[in-house]
Amino acid sequence: MWIQLLLIVAIVILAAFMMRRTGADSHLAIRRLLMALFVIAAVLSVLFPQWLTWLAQLVGVGRGTDLVLYALIVMFLAFVYTQYRRNAALQRQLTLLSRKIALLEASERSAHRSAADDEAV
């Protein structure tokens, strides 16, 4: 009984942290909806573990724990893929920003040199 309560509290707290706005969320509504569905499914699987076993047998998996493991593997691979895409986008942005800074510094140096040459004459 206590473990169920502890698991449900942990699920709800983690969901609350994950649904916070991070400022760059382009799909916030979809993410919140999926997170709400996940929380409901997680709480139901904690309260009624036989439901998870029934669902696993319905889809052709032997046990509910195996179904959870397979779902976690799929979710982990999706997470790795999205993090890879996000990292690649950040690297592109960083490269563009570095180039712009280098061009600005080069034009600033050029303007400073030409001003110094004009004063020398």
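Notes on the structure in this doc start here. This structure is a prediction, so every number in the text was calculated from the model and none was measured.

It is worth spelling out the overall build of the protein at this point. Of the regular secondary structure elements, the protein holds 4 helices and 0 strands. Reading the protein from its N end, one meets helices and strands in the order α-α-α-α. Within the protein, buried positions represent 13% of all 121 residues. Across the protein, contacts joining residues at least 24 apart in sequence account for 32% of those joining residues at least 6 apart. Counting only carbon and sulfur atoms, one obtains 70% of the accessible surface of the protein, whose full area is about 10300 Å².

Ranked by size, the top nonpolar core spans 8 residues in total: Ile8, Ile11, Ala15, Met35, Val39, Ala42, Val43 and Val46. Of all elements in the fold, only helix H1 (2–18) and helix H2 (28–47) reach the threshold of two or more residues within this core. Looking at which element gives the most residues to this core, the answer is H2, with 5 residues. Contacts of Ile8, omitting those with residues within four sequence positions, involve Val43, Val46 and Leu47.

A separate point is the pattern of salt bridges. Taken as a whole, this structure holds 2 salt bridges when the rule is applied. For Arg63, the salt bridge identified is with Asp66, shortest N-O distance 3.1 Å. Arg109 is paired through a salt bridge with Glu105; the nearest N and O atoms lie 3.9 Å apart. Of this pair, Arg109 and Glu105 are both found in helix H4 (residues 64–120), 4 residues apart, which corresponds to roughly one turn of the helix. For Arg109, a relative accessible area of 48% corresponds to the partly exposed category. Glu105 sits in the partly exposed class, given a relative accessible area of 40%.

As for its position among the elements, Ala56 is in helix H3 (residues 49–59). Residue class for Ala56 comes out buried when judged on its relative accessible area of 0%. C-alpha separation for the pair Ala56 and Leu67, spaced 11 residues apart in sequence, amounts to 5.7 Å. When near neighbours in sequence (up to four residues on either side) are disregarded, Ala56 contacts Val61, Arg63, Gly64 and Leu67.

Another aspect to go through is the environment of Phe48. Considering the arrangement of structural elements, one finds Phe48 in the loop between H2 and H3. By relative accessible area, Phe48 is classed as partly exposed at 40%. Taking C-alpha positions, Phe48 is 9.9 Å from Gln4, a pair spaced 44 residues apart along the chain.

About the thresholds
- Residues numbered from 1 in each chain as written.
- Predicted model: local features only at pLDDT ≥ 70, side-chain atom pairs only at ≥ 80, totals over all residues.
- Heavy atoms only, no water.
- Helix = DSSP H or I, 4+ residues; strand = E, 2+ residues; numbered from the N terminus.
- Buried < 20%, exposed > 50% of the residue type's maximum accessible area, 1.4 Å probe, protein only.
- Contact = heavy atoms within 4.5 Å.
- Areas by Shrake-Rupley, 256 points an atom, 1.4 Å probe, with all protein chains shown as cover.
- Core = buried A, V, L, I, M, F, W, Y, C linked by side-chain atoms within 4.5 Å.
- Salt bridge = Lys/Arg side-chain N within 4 Å of Asp/Glu carboxyl O.

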